[in-house]
Amino acid sequence: MKKTKLGEFEELVLLTVVALQKVAYGVEIKRELEERLNEKLSVGSIQSALKRMEQKGFLTSEFGEATQKRGGKRKRIYSATFHAFKILAELKEIRAGLWNSIPGLSQELGTI
Amino acid sequence: MEFHSRTFPRIGDDMSQPNDTKPPKWLLRFLRFFVKKEYLEEIEGDMEELFHDNVEQKPYRRAKSMYTWEIIKLLRPILIKKLGGIHPIHLNQYGMYKNYFKISIRGLMKNPITSFINLFGLAIAIGFSILVYGFSHWNYSMDQFHKNKNEVYLATFFAKRDGTVQEFGLTPKPLGEMLKKDFAQIKNVCRVEDENVVLKYENKVFHERIRYADPEFLEMFTFPLKWGFSKSLQDLSSIILSEKMSVKYFGKENPVGQRIQMIFENGRSKSFKITGVAEEFPEAHTIAFDFLINFENFRVPETGFDLHDWNKFVNATLIQVDHPSDLMAIEQGMEKYRILHNAAAPADWAISYFAFEPLATLAKRAGAIRESISSGTDETSVMFLTMVGGFMLVLACINYINIAIVSAAKRLKEIGVRKSIGATRKTITVQFLSENIITTFFALILGFIFGIFVVIPWFEDFNHFSMGFTLKDATLWIYLPALLLFTGIASGLYPSLYISKFQVVEILKGSIKFGKKNPLTKLFLVFQLILACIFITMAVMGTQNISYLAKRSWGYNERQTLYVSLPDQSSFEKLNALMLQDPDVLSISGSRDHLGKNNTTAVIHLPDHQFEVDQLSVQANYFETMGLQLAAGRLFEDHLETDKKTLVVNELFVQSLGLKNPIGQEFKIDSVQYRLIGIVNDFHSYSFFTKMKPTIFRVADKGSYRYLSLKVRPGTENKTYKSIQARWSELFPEIPFEGGYQEDVWGDYYEQMGRGASALRVVASVAILLVSLGLYGLVKLNVTGRVREFSIRKVLGAGIRDIAYHITTQYLVLLSFAVVAGAPLSYVLVKLFFDTFFTYHVSISYFGVAIAVAILLLVVVITVSTQIRKVLKSNPVNGLKAE
């Protein structure tokens, strides 16, 4: 677990990348996440999370199409690595385990 | 929104950007500048796409500012280019500077003692420089907070006194009102007058000084109110308090609406309603008020008040114009007032011409204006402090230079290597300079903390004032980097030029032995010793001066006398009758003026010129009560009506006029002839700050007595003081007692002198500390460089005397040079200093210089002997084993 060092925000971005699949590039990720979190995010925060995760080996990327709107600049499409999937699954499992170990709360949440 | 953004032309946008759906070019350039090359295409595209989205939804301006914000938020370490590093496009010297930085930190760590000397010395000097800055800033910002400072002027006049033309801050009474009528350019006029009154609120009764002013006062000066309205000053029975006075009478509560009773000097009283409290005044002010009431109230205490009397004066008349250029016309129109005044006033008080002093420069010039409303700034202290601060910096910089030159020997190899792999002389110079600026930077931080938390509080504490030092002051943040650069370059320039001069081959061959024999190092040391000599002499003489001043006679018996200030003429009779019964009281006198409290001036008419003197109107036995000594002639006789036309003068009077047979000579004052009948020894009416003046005594009318003075039996001063106070409160329960021991009339003069001397001692101690630090560093480096020599000497049987001789000689030679040059210089400078700052002081002797030399000798011997001890204790084997 220790080696992964996946921050909370990074995890959110990573999940968004996975969810968006083929269209996962900067602005799209930002748009998607802003909608889900219901708050404004800066390009800088998204980009730095992406770059950091790329360095850590959670993401790979390749250039995609260029559009007129982008001033002829190509998009960079991100995709999660196998390692990332593994870590995400691990994290989910750990969380689920923790949730289950809180009997009162899980019952309560169940009743809602 | 879309409709809006497309229909309206976008005014004010960048004209070079006809297609406004593009983000601003310069921002794009900035983006390209800092984003890593490999990320640029993607991020640039993202930004542009986002910008387009925003432009479609929002006005262009908004989209642009959002774009700017996004760019700023992109400034993250992971996204921006590495400085230097793999892509050395910009700032490619970065790596080099990083190395310099590393080397300097290592250098500081490696030689903790020399680093400490440098840092500590510089920090102390910088601490003092911060004080110098704070104090000068405080002085130069005096009264600068007034918004109208350039449009408000004080009316002054020039008049001839004692043969010189002097400027006065007073103005004839009718001037203010006439100015307002006659000049359309004058927006506001304000007359100001001050008076002592008694104020009463419930059971609180105090003597206070109130200020009469026209309602425009609060408009012309910037004194915002905390509570109430400044317009309320138009009402005749309104009073506005300062924050301090509000606290004094009412604590923290809002006193607006309360009534306060005022008892004027003639016993009449009037009730005032508090309609305002001023906010706390800025620290740097010379004009303020305790209590402010409408000028027209002046009619209450002065029943015969005549506003049209050109022969009477008000304390100040201020005018406000719309623009400073309007003043020219007003100045030209002042001639008619001059004629009006000179027609009404006696010839002695003739005005030469009127002038105007802007509020902005009033405080600075106040020293040259007599009886000015502004108390003025303290230029000499600023100069003195600047000098001391400058000398401290010089001392610290010299320490640095000396140590840098001497310790350069250790870094010869480094310089050789640097040079052989391509460093030029310039880069070596830059290296050493930047190292130095780093050291200075640390010193600046230390010194800043030292200045703010130690030096400034110390200075404020013993001078009993607050200079309102604040970090929010913008010029401070210019001063600090300037100080850093100045100190860094002043201390580092010479060593870096010196060190970088050497040839690689010679360095690497080892044929250079520089550093140890630099004549400049010696010169600097001598210079430091001279500076220290001056400071020490000053401190010694300052300390001696205190005991001198304590012993200096006042010229009369101040220890055995008490005085009481009287509200009116009847009170003298009552108190006199009661106190005469007291067996401890030896003599009682009444007087209109009183030594150490006040005096008037008179102009003596001589055939060829006029002569201004101090004048004291007293009862005949005043001399006996106060212990003034008769030198020649006789004193006033009590019941001699003819004595009303006679004068008793002091010796200075006779001297100043150069009279041969003074007794019996006649003098004309205000067109009345007076005959000189007696001469008393010179005396100090006011503290030793004030120069003694030619003084005349006249017999006072009984009705004019405002002071009662008592001579008491020695040892009963305390008892009598209490008994007067008790009698007073029986006689006049309404009026607070005002009086005391004659000894106390100079206020905290002696205390102030004592503080001055202790400040000099502190400065001298710091100077000694800096010199000994520098000397210690030099001696240490010298001894370490000669370890082998001393080891060999020891092996060959050298004893303590021999070793001590070889280490000490050169320093003693330097010290004797310093003494030869420094002793006379110290004498001259210290004399100059005392003549500038003290009117009366101890005669400067060589004693102070001798002490200074002795202290310096001691410092040198102690500093050097620590190293001698080290050499003696060391094992010669270790010294020879190296290399």
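These numbers were taken from a predicted model, which means no experiment stands behind them. (Residues numbered from 1 in each chain as written. Chains lettered and ligands numbered in written order. Predicted model: local features only at pLDDT ≥ 70, side-chain atom pairs only at ≥ 80, totals over all residues.)

**Quick look at the overall build of chain A**
Stated precisely, the cut-off is as follows: Counting from the N terminus, the helices are the DSSP runs of H or I reaching at least four residues and the strands are the DSSP runs of E reaching at least two. Here a residue counts as buried when 20 or more other C-beta atoms fall within 10 Å of its C-beta, as exposed when 12 or fewer do, and as partly exposed in between; the C-beta atoms come from the backbone. A pair of residues counts as a contact when their C-beta atoms, built from backbone coordinates, are separated by no more than 7 Å.
For chain A, the helix and strand inventory stands at 5 helices and 2 strands. Going from the N terminus to the C terminus, chain A shows its helices and strands as α-α-α-β-β-α-α. By the burial criterion, 27% of the 112 residues in chain A qualify as buried. Sequence-distant contacts, at least 24 apart, represent 43% of the contacts inside chain A between residues at least 6 apart.

**So, the interface of chain A and chain B**
What counts is decided by this rule: Polar here means any residue outside two lists: the nonpolar Ala, Val, Leu, Ile, Met, Phe, Trp, Tyr, Cys and Pro, and the charged Asp, Glu, Lys and Arg; Gly therefore counts as polar.
Each side of the interface is counted separately: chain A has 16 residues, and chain B has 18 residues. Contributing elements (two or more residues each) for the side of chain A that touches chain B: helix H2 (26-37), helix H3 (43-56) and strand E2 (74-80) of chain A. For the side of chain A that touches chain B, the leading source of residues is H3(A), giving 6 residues. Residue composition of the side of chain A that touches chain B, by class: 2 nonpolar, 6 polar and 8 charged.

**Remarks on the packing of H3(A) against helix H3 (residues 37-57) of chain B**
Two measures define how a pair of helices packs: the angle their axes make with one another and the distance between the axes. Here is the rule: Axis angles are defined between N-to-C directions and span 0 to 180 degrees, where every axis is a line fitted to C-alpha atoms and, for a helix, only to the segment in contact. For this classification, under 35 degrees means roughly parallel, over 145 means roughly antiparallel, 65 to 115 means roughly perpendicular, and everything else is oblique. Two helices that cross are described as forming a left-handed crossing if the nearer one is turned anticlockwise from the farther one by less than a right angle, and a right-handed crossing if clockwise.
H3(B) packs onto H3(A) with a crossing angle of 150° between their chain directions and a minimal axis gap of 12 Å. One way to sum up the angle between H3(A) and H3(B) is to call them roughly antiparallel. The way H3(A) lies across H3(B) gives a crossing that is right-handed. Listed contacts from H3(B) to A:Val43, A:Gln47 and A:Lys51 of H3(A) are B:Tyr39, B:Ile43, B:Asp46, B:Met47 and B:Leu50. A class-by-class count of the residues in the contact of H3(A) with H3(B) yields 5 nonpolar, 1 polar and 2 charged.

**Quick notes on unusual backbone geometry**
One non-glycine residue with positive phi stands out, namely A:Asn38, at about 60°. If you trace the backbone, A:Asn38 turns up in the loop between H2 and H3. On the basis of neighbour counts, which here come to 7 C-beta atoms within 10 Å, the residue A:Asn38 falls in the exposed class. Positive phi is not limited to glycine here, since B:Glu371 has a value of about 55°. Turning to its location among the elements, B:Glu371 is positioned in the loop between strand E14 (369-370) and helix H13 (379-407). Classification of B:Glu371 as exposed rests on a count of 12 C-beta atoms within 10 Å.

**Examining the nonpolar core**
A general tendency of soluble globular proteins is for nonpolar side chains to be buried together. Residue and element names in this part refer to chain B. Threshold: Each nonpolar core reported here comprises buried Ala, Val, Leu, Ile, Met, Phe, Trp, Tyr and Cys residues connected via C-beta atoms within 7 Å. Here the bounds of each domain stem from an automatic or database domain assignment.
Ranked by size, the top nonpolar core spans 95 residues in total, and within it Met 392, Leu 395, Ala 396, Leu 529, Cys 533, Phe 535 and Ala 767 carry the most contacts. For this core, the secondary-structure elements that each account for two or more residues are helix H6 (112-140), H13, helix H15 (425-463), helix H16 (476-499), helix H18 (519-551), helix H23 (749-785), helix H25 (800-837) and helix H26 (846-873). For this core, the domains that each give at least three residues are domain 2 (94-142 + 378-517) and domain 4 (518-552 + 747-883). When residues no more than four places from it in sequence are discounted, the contact partners of Ala 396 are Gly 121, Leu 122, Ile 124, Ala 125 and Leu 770. With 57 residues, the next largest nonpolar core counts Val 198, Ile 210, Ile 239 and Tyr 337 among its residues.

**Side note on the pairing of strand E22 (residues 672-680) of chain B**
All names here are of chain B. Selection rule: Between any two strands, at least two bridges found by DSSP are needed for them to pair.
Bridge analysis of strand E19 (residues 630-633) against E22 gives 3 bridges, and the strand direction is antiparallel. Residue pairing across strands places Ala 632 opposite Ile 679, the latter belonging to E22. In terms of strand pairing, strand E21 (residues 666-669) meets E22 through 4 bridges, oriented antiparallel. Pairing of Lys 668 across the sheet is with Gln 673, part of E22. Hairpin connection between E21 and E22: a loop of 2 residues separates the two successive antiparallel strands, and Asp 670 in this loop has a positive phi of roughly 50°.

**Overview of the environment of B:Asn621**
Residue and element names in this part refer to chain B. Summarising the element assignment, Asn 621 is placed in the loop between strand E18 (610-618) and helix H20 (622-626). A residue is classified by how many C-beta atoms lie within 10 Å of it, and Asn 621, with 18 of them, is partly exposed. Separated by 32 residues in sequence, Asn 621 and Ser 589 place their C-alpha atoms 6.2 Å apart. Dropping the residues within four chain positions of it, Asn 621 is found in contact with Ser 587, Ser 589 and Asp 638.

**Considerations on the confidence of the model for chain B**
Residues and elements named next belong to chain B. Quick reminder of the rule: Residue-level confidence of the predictor is what pLDDT reports, using numbers from 0 through 100.
In the predicted model, chain B carries a mean pLDDT of 85, and 95% of its residues have values of at least 70. The spread of mean pLDDT over the elements of chain B runs between helix H1 (residues 2-7), the lowest at 40, and strand E7 (residues 238-241), the highest at 94. A low-confidence stretch, residues 1-19 stays under pLDDT 50, and its non-local contacts, those more than four residues away or across chains, total 13 contacts. Under a pLDDT of 50 for its full length, residues 84-89 has, in the predicted model, 7 contacts with residues more than four places off or in other chains. Reported for the predicted complex are a pTM of 0.69 and an ipTM of 0.85.

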